[in-house]
Amino acid sequence: MHGHATSGVVRAHADSRASIGLDAPLGRLAREERERLLLRPGATLAEGAGHRARPEEPDVERTCFERDRDRIVHSPAFRRLAGKTQVVVYPTDHQRTRLTHALEVAQVATSIARGVGVNVALADAIALGHDCGHGPGGHASEEAFDAFIPEGYDHGPWGADVVLTPLNLCAETLDGIRSHSWSRPAPLTVEGEIASWADRIAYCAHDLEDAVHAGIVTLDEVPETVSEVAGATRREQLATFVRAVITTVAETGEIGMDPATASALAELRRFNYERIYTRPESVAQSNAVIEVLRQLVEFYVAHPERLPGFAGETDDALARLAVAYVGGMTDRFAFDTAEELLGWDPARLPRGIGRGA
């Protein structure tokens, strides 16, 4: 099909009727002017090419943060999130991967950003990129890689300062990614703080839903201190928590949540840790992941000629290169590589819910 030509325009459908009144394309300058007119005081404005480590010419069409968002979506690191664990290794068709988690965090972050009148493109970029520093096998990868990184392995800084460095993202985007975890110093922008809340809101609600579908817990087991405030289902919880942040910003000007709703979110997170993340099967899965990943890094340190990108590095630099390579693997590629290079018995590898023994 070559489309349908009428009056000098090729349309996708023979019966197309869609039209719009537009005098000129809404390029970067027009979008930046809209931000100056519409965003609330305290929002982060996009200006020119953005604050980048390597200076660039501004894009004709996109603001700097829209450009960052597009670069993240098209990056190999983002695509590989589709093959990385969120909660369980080898998820079923219905369970989250690290990629679907990133998309859901972006949905929550942009909902809040729109509701409070700040920069949606920046909140979106931070949310989509926030987990690009995660290794295979979920959070266990951080413990696995800690042994090789003197300052410790933290997926936020690693994502911002190692994995996404080739993209030359804006300083504001990288700051939000680097500091999205609550254990880190606060992000420097309002949008970064919103992404921090969005991450916690999303994973608490979505991980519970996955656990219910997997038969790990039931909705009846959700604590009353959670269900009475925010409901027991993902839909109710997301609506409650998102609305609570927006309302709190409107009433106080601060990025946060009222004490009652924040307490319900904290209790939901505690319940998830107790019943999902630290149950014996999850701990066994994590221990297997740690052992596999550590042995893979040790193999590449001992055999650097097998390491893609090796250029004679020694000591810490070699270990970092090995961690970067293994950390970029998907779950399946890491475990297949362990079988191939290390002779791992498949029976010792992590097993997802429903995967054959």
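So, how was this worked out
- Residues numbered from 1 in each chain as written.
- Predicted model: local features only at pLDDT ≥ 70, side-chain atom pairs only at ≥ 80, totals over all residues.
- Heavy atoms only, no water.
- Helix = DSSP H or I, 4+ residues; strand = E, 2+ residues; numbered from the N terminus.
- Rg over C-alpha atoms; globule rule 2.2 N^0.38 Å.
- Buried < 20%, exposed > 50% of the residue type's maximum accessible area, 1.4 Å probe, protein only.
- Contact = heavy atoms within 4.5 Å.
- Areas by Shrake-Rupley, 256 points an atom, 1.4 Å probe, with all protein chains shown as cover.
- Lys, Arg positive; Asp, Glu negative; His and termini not counted.
- Charge placed at Lys NZ, Arg CZ, Asp CG, Glu CD.
- Salt bridge = Lys/Arg side-chain N within 4 Å of Asp/Glu carboxyl O.
- Expected span 1.5 Å × (residues − 1).
- Arc of directions from axis to C-beta.
- Polar contact = N/O pair within 3.5 Å; in protein donor to acceptor, adjacent residues only side chain to side chain.

J.: Help me understand the overall build of the chain in this model?
T.: From N to C terminus, the chain includes 15 helices and two strands. In terms of C-alpha radius of gyration, the chain reaches 22 Å, essentially the compact-globule figure of 21 Å for 357 residues. A principal-axis box enclosing the C-alpha atoms of the chain has dimensions of 65 × 55 × 50 Å. A buried classification covers 49% of the 357 residues belonging to the chain. When contacts within the chain are restricted to residue pairs at least 6 apart in sequence, long-range pairs at least 24 apart make up 67% of them. Within the structure as shown, the chain displays about 17500 Å² of accessible surface, and the carbon and sulfur contribution to it stands at 53%. Taken as two groups, the 36 positive and 53 negative side-chain charges of the chain have centres that lie 5 Å from each other.

J.: I tried to follow the pattern of salt bridges on my own but got confused; where do I start?
T.: Where charged atoms from two side chains of opposite charge approach closely, those side chains can pair. Tallied over the full model, the rule gives 23 salt bridges. Measuring nitrogen to oxygen at the nearest pair gives 3.3 Å for the salt bridge that ties Glu209 to Arg234. With a gap of 25 residues between them, Glu209 in helix H9 (residues 190-213) and Arg234 in helix H11 (residues 234-252) connect regions that are remote in the sequence. Among the residues examined, Arg234 registers a relative accessible area of 33% and is labelled partly exposed.

J.: Explain helix H14 (residues 315-327) to me, please; I cannot follow it from the model alone.
T.: Note that an α-helix has 3.6 residues per turn; residues three or four places apart therefore point the same way. With 13 residues, H14 ought to run about 18 Å at 1.5 Å a step, and its terminal C-alpha atoms sit 18 Å apart, in line with that. Regarding H14, the residues found buried are Leu318, Ala319, Ala322, Val323, Val326 and Gly327. Down the axis, H14 shows its buried residues gathered within 160° of arc, on one side only. Contacts made by the buried residues of H14 are with helix H6 (140-146), helix H7 (155-163) and helix H13 (280-302).

J.: Looking at this structure, how should I read the environment of Glu151?
T.: With respect to the helices and strands, the residue Glu151 is situated in the loop between H6 and H7. Overall, Glu151 belongs to the exposed group, its relative accessible area being 55%. Distance in space between the C-alpha atoms of Glu151 and Thr85 is 24 Å, their sequence separation being 66 residues. Side chain to side chain, Glu151 and Arg320 meet in a polar contact 2.7 Å long.

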